[in-house]
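Below are the chains, spelled out letter by letter.
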Amino acid sequence: MVQRTHTYFKQACLRLVSMALKTGLTQASVSISTCMPKATRSKHQNYLLMCGIVGYLGTREAYPILIQGLKRLEYRGYDSAGVALFNGHLDMFKCKGKVADLEAIVGTAPAATMGIGHTRWATHGEPNDPNSHPHASNSGRLVMVHNGIIENFAALKELLSKAGYVFHSDTDTEVLVNFIEYIQDQEEVELDQAVRLALNE
Ligand code: GLU
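Owing to the predicted nature of the structure, the values given are computational and were not obtained by experimental measurement.

A. Highlighting the packing of helix H2 (residues 62–72) against helix H3 (residues 99–106). Between H2 and H3, the least distance of the axes is 10 Å, while the angle of their chain directions is 160°. It follows from the interaxial angle that H2 and H3 lie roughly antiparallel. Counting all contacts with H2, which are made through Tyr-63, Ile-67, Leu-70 and Lys-71, the residues of H3 involved are Val-99, Leu-102, Glu-103 and Val-106. A class-by-class count of the residues in the contact of H2 with H3 yields six nonpolar, no polar and two charged.

B. Looking closely at the packing of aromatic side chains. Applying the stated criterion across every chain, the model contains two aromatic pairs. Taken together, a centroid distance of 6.2 Å and an interplanar angle of 75° make the contact between Tyr-165 and Tyr-182 edge-to-face. Of this pair, Tyr-165 sits in the loop between helix H4 (153–162) and helix H5 (172–187) while Tyr-182 sits in helix H5, and the two are 17 residues apart along the sequence. Among the residues examined, Tyr-165 registers a relative accessible area of 12% and is labelled buried. Among the aromatic residues, ring-to-ring pairing joins Tyr-165, Phe-179 and Tyr-182 into one connected group. It is Lys-157 that lies over the ring of Phe-167; its NZ or CZ is 5.1 Å from the centre.

C. The arrangement of the environment of Tyr-63 in detail. Among the secondary structure elements, Tyr-63 is positioned in helix H2. Separated by 40 residues in the primary sequence, Tyr-63 and Glu-103 place their C-alpha atoms 10.0 Å from one another. Beyond its immediate sequence surroundings of up to four residues, Tyr-63 is in contact with Val-83, Leu-85, Glu-103, Val-106 and Ala-109.

D. Structural context of the side chain of Thr-119. One can find Thr-119 in strand E7 (residues 114–120). Those residues in contact with Thr-119 that lie beyond four places of it in its chain are Gly-52, Leu-70, Leu-73, Tyr-78, Ser-80, Ala-81, Val-99 and Asn-147.

E. Spotlight on the site of the ligand. Residues in contact with the ligand amount to 13 residues; listed here are only the nearest, Arg-120, Thr-123, His-133, Gly-148 and Asp-172. For the ligand, an oxygen atom lies 3.3 Å from a polar atom in the side chain of Asn-147. Within the contact set of the ligand, a nitrogen atom lies 2.8 Å away from a backbone nitrogen or oxygen of Gly-148. Relative to its free-state accessible area of 300 Å², the ligand is covered by the protein chains to the extent of 97%. Taken together, the residues of the shell around the ligand break down into two nonpolar, nine polar and two charged.

The rules behind the values
- Residues numbered from 1 in each chain as written.
- Predicted model: local features only at pLDDT ≥ 70, side-chain atom pairs only at ≥ 80, totals over all residues.
- Heavy atoms only, no water.
- Axes fitted to C-alpha atoms, helices over the stretch in contact; angles between N-to-C directions.
- Helix = DSSP H or I, 4+ residues; strand = E, 2+ residues; numbered from the N terminus.
- Parallel < 35°, antiparallel > 145°, perpendicular 65-115°, else oblique.
- Contact = heavy atoms within 4.5 Å.
- Nonpolar A, V, L, I, M, F, W, Y, C, P; charged D, E, K, R; others polar.
- Phe/Tyr/Trp six-rings, centres within 6.5 Å; stacked < 30°, edge-to-face > 60°.
- Buried < 20%, exposed > 50% of the residue type's maximum accessible area, 1.4 Å probe, protein only.
- Lys NZ or Arg CZ within 6 Å of the ring centre and 35° of its normal.
- Near = heavy atom within 4 Å.
- Polar contact = N/O pair within 3.5 Å; in protein donor to acceptor, adjacent residues only side chain to side chain.
- Areas by Shrake-Rupley, 256 points an atom, 1.4 Å probe, with all protein chains shown as cover.

Rendered as structure tokens:
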């Protein structure tokens, strides 16, 4: 499915997922890049930064860190932005436009020490609010931001639709997050294993 997944980031994402799992959380956020060649890790151990994707899991407030990261990525150009924050329950904010537009709709962010953020460069589906990232799976268990292209998303979407999944956007990303959930349920595996299986499909 994913032709150009970069191993380093895949491992970093899996580490983030594993950290979420170790906290005992029933929900986890997954950030995946399928094409970007370079990832960096800052001096903050739990702070991942890479081309339109920021993730944080730690003891500090996540939202200011995510917004700061997204602003540092603004020079790349993008059409929409969004964040998902988790603190026992999920809060998701996303919109077409700039990071400043996102900040305006968030207002005072809910307290959370875990979150993911994204700036989108649309490839599948026009730039609009529903197509903006993050995307949640049908059950709401998984939330994803993603950079890149899922080349066989149409076949996967058909498979998932036949299995009863419904879609709220035109993106390949929403297909991927539901495909991971589907694998997790079908194979009865943990999230990190389901991510591995999905990316190797
Ligand atoms: N293919 C995804 C989309 O169109 C991700 C685009 C991106 O890399 O920002 O939403």
